[in-house]
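Each chain is listed here by its residues.
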Number of protein chains: 2
Amino acid sequence: MGVARWEPNTRERLIEAALDLFTEKGYDATTVTEIAERAGVTKMTFFRHFPDKREVLFAAGQEIHGRILADAVAAAPDPATPLQAVAAAVDALAATFTNDRRPFAARLRTVVAAQRELQERAASKHNGLVEATTEALVKRGVPELTASLAAELGLRAFDRAFAQWASPASTQPLTTLTRQSFDELRAASAALA
Amino acid sequence: MGVARWEPNTRERLIEAALDLFTEKGYDATTVTEIAERAGVTKMTFFRHFPDKREVLFAAGQEIHGRILADAVAAAPDPATPLQAVAAAVDALAATFTNDRRPFAARLRTVVAAQRELQERAASKHNGLVEATTEALVKRGVPELTASLAAELGLRAFDRAFAQWASPASTQPLTTLTRQSFDELRAASAALA
């Protein structure tokens, strides 16, 4: 413990330890104490980073991804349409998932799929990211309703692409898959009207 | 207890009792035992109806509303477009909320807004209803992507209308509000393309 306490990347190690344990023994059977032990830190350190075991897999991502999306929407050139700004945002988010992160994503997907509590948290993260993107669009002068639909479309495209990317058969980068998925959803949305 | 056990509408009384207690003392401070007592039934009876206190406010609605939406989509006339079928479905759902249910809806909204756990459950109910509607559209031959976007648009319209309807200032029926909201969202969606 003495040394571990001073190691960097505590947050990352807690996330890795949690995913390991959820995979090995299941989400329900895993305790915060075990996650902390596996990461080589105290339970108190765990609670300095996360409020509970469910948040370990989502809290960091929600905050960081929300910021990436909002920043990219804000940085889109002035004449960009809402959908163009959203396309740039999900592209920026997809670019942070380099191929070395695929095995982690695949394991995360398996764990989340097995647990209703985690599926609900994932849905709540999706909604949080839609909200962050919507707010950034509204700041650009996009009407709220249009903004929320554009944001929903973009995050749906990202979620679909992420599921493909995390499957063992996938070989393409997440950015390519996200652009394809975005184009498909845009076409489906146009066909609705 | 002897008599209460045989009374009808146990489910409805448990829902009423839960909402009363959540309003009076807050969601966290309320126990299943208290909800059962207030409804005049045993804890065991509670658990025959709901797995936990969170589900009391959602389980019944999710099941019934999902069925109403799916049935209405299936019953839409053959030449109906996906958006027309969804409009008929949310219309059918809105019609079940007669004005005498508004005070209940208003209290429900207040309780849910105060509790993150309940907000997540509400979001998960939204997703469940989108899924039920999507499946019914797919059975009509609508492509999955188009179906899911049409369903999302319809349930968003319903959620927005429901929030307006449950506010004290509102006087219009939920069906009227839902149709207005649906038209606004459809226009915003068309403007995106």
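Below or above, wherever it landed, is the structure these notes cover. Since we're looking at a predicted model, the values are computed, not measured.

### Digging into the overall build of chain A
Then, in step 1: For chain A, the helix and strand inventory stands at 9 helices and 0 strands.
Then, in step 2: Its helices and strands taken in sequence order, chain A reads α-α-α-α-α-α-α-α-α from the N to the C terminus.
Then, in step 3: Counting only C-alpha atoms, chain A reaches 55 × 35 × 25 Å along its principal axes.
Then, in step 4: Buried positions account for 49% of the 193 residues belonging to chain A.
Then, in step 5: The contacts of chain A with a sequence gap of at least 6 include a subset with a gap of at least 24, amounting to 67%.
Then, in step 6: For chain A, the accessible area works out to roughly 9300 Å², and carbon and sulfur atoms hold 56% of it.
Then, in step 7: Measuring between centres, the 23 positive side-chain charges of chain A sit 2 Å from its 24 negative side-chain charges.

### Observations regarding the interface of chain B and chain A
Then, in step 1: Each side of the interface is counted separately: chain B has 27 residues, and chain A has 27 residues.
Then, in step 2: Between chain B and chain A lies a buried interface of about 2300 Å² when both sides are counted; carbon and sulfur atoms form 62% of it.
Then, in step 3: In terms of surface lost to chain A, no three residues of chain B exceed L145, L149 and L192 of chain B, which account for 29% of the buried area on that side.
Then, in step 4: Our count for the contact surface shared by chain B and chain A stands at 8 salt bridges.
Then, in step 5: Notably, a salt bridge pairs E152 of chain A with R156 of chain B, separated by 2.6 Å at the nearest N-O pair.
Then, in step 6: Taken together, the links from chain B to chain A amount to 6 residue pairs in polar contact (both at pLDDT 80 or more).
Then, in step 7: Counting only elements with at least two residues in the side of chain B that touches chain A, the list comes to α5 (82-95), α7 (116-139), α8 (144-165) and α9 (174-192) of chain B.
Then, in step 8: For the side of chain B that touches chain A, the leading source of residues is α8 of chain B, giving 9 residues.
Then, in step 9: Taken together, the residues that form the side of chain B that touches chain A break down as 12 nonpolar, 5 polar and 10 charged.

### Here's the deal with the nonpolar core
Across soluble globular proteins, you tend to see nonpolar side chains buried next to one another.
Then, in step 1: Within the largest apolar cluster, 76 residues are counted, with the highest numbers of intra-cluster contacts made by L137, F158 and L174 of chain A together with L137, F158 and L174 of chain B.
Then, in step 2: Sequence-distant contacts of F158 of chain B, that is, excluding residues within four places in its chain, are made with V90, L93, A94, F97, L174 and T178 of chain B.

Rules behind the numbers
- Residues numbered from 1 in each chain as written.
- Chains lettered and ligands numbered in written order.
- Predicted model: local features only at pLDDT ≥ 70, side-chain atom pairs only at ≥ 80, totals over all residues.
- Heavy atoms only, no water.
- Helix = DSSP H or I, 4+ residues; strand = E, 2+ residues; numbered from the N terminus.
- Buried < 20%, exposed > 50% of the residue type's maximum accessible area, 1.4 Å probe, protein only.
- Contact = heavy atoms within 4.5 Å.
- Areas by Shrake-Rupley, 256 points an atom, 1.4 Å probe, with all protein chains shown as cover.
- Lys, Arg positive; Asp, Glu negative; His and termini not counted.
- Charge placed at Lys NZ, Arg CZ, Asp CG, Glu CD.
- Buried area = accessible area lost by both parts, 1.4 Å probe.
- Salt bridge = Lys/Arg side-chain N within 4 Å of Asp/Glu carboxyl O.
- Polar contact = N/O pair within 3.5 Å; in protein donor to acceptor, adjacent residues only side chain to side chain.
- Nonpolar A, V, L, I, M, F, W, Y, C, P; charged D, E, K, R; others polar.
- Core = buried A, V, L, I, M, F, W, Y, C linked by side-chain atoms within 4.5 Å.

The analysis is restricted to geometry; functional conclusions fall outside its scope.
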